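# Observations on the model geometry
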Amino acid sequence: AGARALQTAQPEPGEGAAAVPLCAGGRAIGVLLVDEANHFAADGELLRAFADQCGAALRNVLLYSLATTDATTGTHIRSFVLQRLRQAVKAAHRRGEACAVLRLDVDGFRALNERHGRAAGDAVLNALGVMLRVVVRDTDIVGRCGADEFLVVLPGTDADGLRTVGRRLAEQWQWLTIDAGAAQVPVRVSMGGACLPAAPDGGRIVVNGHEVHALAE
C-alpha cells in the first residue's frame with residue numbers, strides 16, 4: 001500500500017492498514033501508514049488534513065537542507081557554518097565552556113585540478129567531506145568555507161580534545177586516495193586549530209567582539 005501511495009499520490013487501502021501519501025507540490029514525498037484500515041474509513045478527511053500538514057513540514061525540512069548543504073561535499077555551506085560558530089561561541093561564553101575550531105585545506109588543489117581535471121578535484125572534496133562527517137561527533141558542525149577549505153566547529157571541546165580530533169583526522173586521511181582514471185591520487189591536507197578556553201571555576205567568559213572572526217581565520 002505504501003509503495004502504491006508513493007506512485008499514485010493517492011490514499012491506498014491495504015490488508016489491515018492504509019497508506020496516506022505526504023504530498024508537496026502535487027508529488028508524494030512520503031507516506032503515512034495507518035495500522036487499522038477501518039480508521040482511515042472513519043477518519044479519512046482528518047487523516048488527509050494531517051498528512052497535508054506533515055507533507056508541508058517535510059518539504060520545508062528538505063528545502064532547508066538543500067539551502068544549507070554544499071552539493072559537492074555534503075557538508076554545510078560557509079554562511080551556515082559561520083552562523084553556527086557564532087552560536088557556539090555565545091553558548092560557550094554563557095556556560096563558561098570551551099569551544100574549538102579546525103580549519104583544513106587540500107594541498108596542491110589547483111595543480112590537482114589542472115593535472116587530473118575538475119572531476120578528480122570534486123572527488124577529493126567529496127571524499128574529504130565524507131571523512132570529516134564520519135570522524136567528528138553528531139554535535140559538531142562541518143562546513144565548506146572556500147574552494148578547498150573546510151571549517152569544523154567543535155562545541156564544548158578544549159585544547160586536548162582539539163588535538164585528539166586532529167590526530168584522528170590525520171590517521172584517516174593518510175590512507176585517503178581518489179581514482180583519477182589511470183592513477184590513484186593521494187590526498188594531502190593541511191590543518192590548523194584554535195580553542196576558546198573554558199572560564200575558570202565555571203564563570204563566564206568575556207572577550208572582544210572579534211573572537212568569531214579570529215577563530216574562523
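It should be emphasised that the depicted structure is a prediction, and the values quoted were computed from it without experimental measurement.

Let's shift gears to the environment of Asp105. Among the secondary structure elements, Asp105 is positioned in strand β4 (residues 99-106). By relative accessible area, Asp105 is classed as partly exposed at 29%. Residues Asp105 and Arg188 lie 83 residues apart in sequence; the distance between their C-alpha atoms is 8.7 Å. Excluding its chain neighbours within four sequence positions, the residues that come into contact with Asp105 are Asp148, Glu149, Arg188, Val189 and Ser190.

In this fold, Thr75 is placed in the loop between α2 (37-68) and α3 (78-95). Thr75 gets classed as buried once you look at its relative accessible area, which sits at 2%. At 3.4 Å, the side chain of Thr75 and the backbone nitrogen of Arg144 are in polar contact.

The strand order β5-β6-β4-β9 describes an open sheet built from four strands, whose pairing is antiparallel. Pairing within the sheet leaves two strands with one partner each, and these edge strands are β5 (141-144) and β9 (189-196). On average, each strand axis in the sheet is tilted by 15° relative to the strand beside it, whichever way the strands run. Sheet topology places β5 next to strand β6 (residues 149-155); four bridges connect them, and they run antiparallel. For Arg144, the partnering residue across the bridge sits in β6 and is Phe150.

What follows is about helix α6 (residues 159-173). Relative to the 21 Å expected for 15 residues at 1.5 Å per residue, α6 spans 21 Å between its end C-alpha atoms, a close match to the ideal helical length. Regarding α6, the residues found buried are Leu162, Val165, Gly166, Leu169 and Trp173. For α6, the angular spread of the buried residues around the axis is 100°, confining them to a single face. Residues of α6 that are buried sit in contact with β4, α5 (118-135), β6 and β9. One side-chain oxygen at the N-terminal end of α6 lies 3.3 Å from the backbone nitrogen of Asp160; it belongs to Asp158.

On to the confidence of the model for the protein chain. Interpreting fine coordinate detail is not advised for predicted regions of low pLDDT. Mean pLDDT over the protein chain: 79, with 77% of residues reaching 70 or higher. Note on residues 202-212: pLDDT under 50 across the span, and 19 contacts to partners over four residues away in sequence or across chains.

A word on α3. Its 18 residues give α3 an end-to-end C-alpha distance of 26 Å, which sits within 8% of 26 Å, the value for a rise of 1.5 Å per residue. Within the span of α3, buried status applies to Phe80, Val81, Leu82, Leu85, Ala88, Val89, Ala91, Ala92 and His93. Looking one or two residues past α3, Gly96 carries a phi angle of roughly 75°, positive in sign.

This part covers the pattern of salt bridges. For the structure on display, the rule yields four salt bridges. Between Arg144 and Asp70 there is a salt bridge whose closest N-O contact spans 3.3 Å. Of this pair, Arg144 sits in strand β5 while Asp70 sits in the loop between α2 and α3; the two residues are 74 residues apart in sequence, bridging distant segments of the chain. Overall, the relative accessible area of 15% leaves Asp70 in the buried class.

We now examine the packing of helix α4 (residues 109-116) against α5. Running from amino to carboxyl end, α4 crosses α5 at an angle of 135°, the nearest separation of the two axes being 6 Å. Judged by the angle between their axes, α4 and α5 are oblique. Residues Phe109, Leu112, Asn113 and His116 of α4 pack against Arg118, Ala120, Gly121, Val124 and Leu125 of α5. The residue inventory of the contact of α4 with α5, partitioned by class, reads five nonpolar, three polar and one charged.

Moving on, we get to the environment of His76. Mapped onto the fold, His76 is located in the loop between α2 and α3. Overall, the relative accessible area of 23% leaves His76 in the partly exposed class. In this structure, the C-alpha to C-alpha distance between His76 and Gly143, residues 67 residues apart in sequence, is 4.2 Å. Beyond its immediate sequence surroundings of up to four residues, His76 is in contact with Thr68, Thr69, Asp70, Ile141, Val142, Gly143 and Arg144.

The rules we used
- Residues numbered from 1 in each chain as written.
- Predicted model: local features only at pLDDT ≥ 70, side-chain atom pairs only at ≥ 80, totals over all residues.
- Heavy atoms only, no water.
- Helix = DSSP H or I, 4+ residues; strand = E, 2+ residues; numbered from the N terminus.
- Buried < 20%, exposed > 50% of the residue type's maximum accessible area, 1.4 Å probe, protein only.
- Contact = heavy atoms within 4.5 Å.
- Polar contact = N/O pair within 3.5 Å; in protein donor to acceptor, adjacent residues only side chain to side chain.
- Pairing = 2+ DSSP bridges.
- Axes fitted to C-alpha atoms, helices over the stretch in contact; angles between N-to-C directions.
- Expected span 1.5 Å × (residues − 1).
- Arc of directions from axis to C-beta.
- pLDDT = per-residue confidence, 0-100.
- Salt bridge = Lys/Arg side-chain N within 4 Å of Asp/Glu carboxyl O.
- Parallel < 35°, antiparallel > 145°, perpendicular 65-115°, else oblique.
- Nonpolar A, V, L, I, M, F, W, Y, C, P; charged D, E, K, R; others polar.

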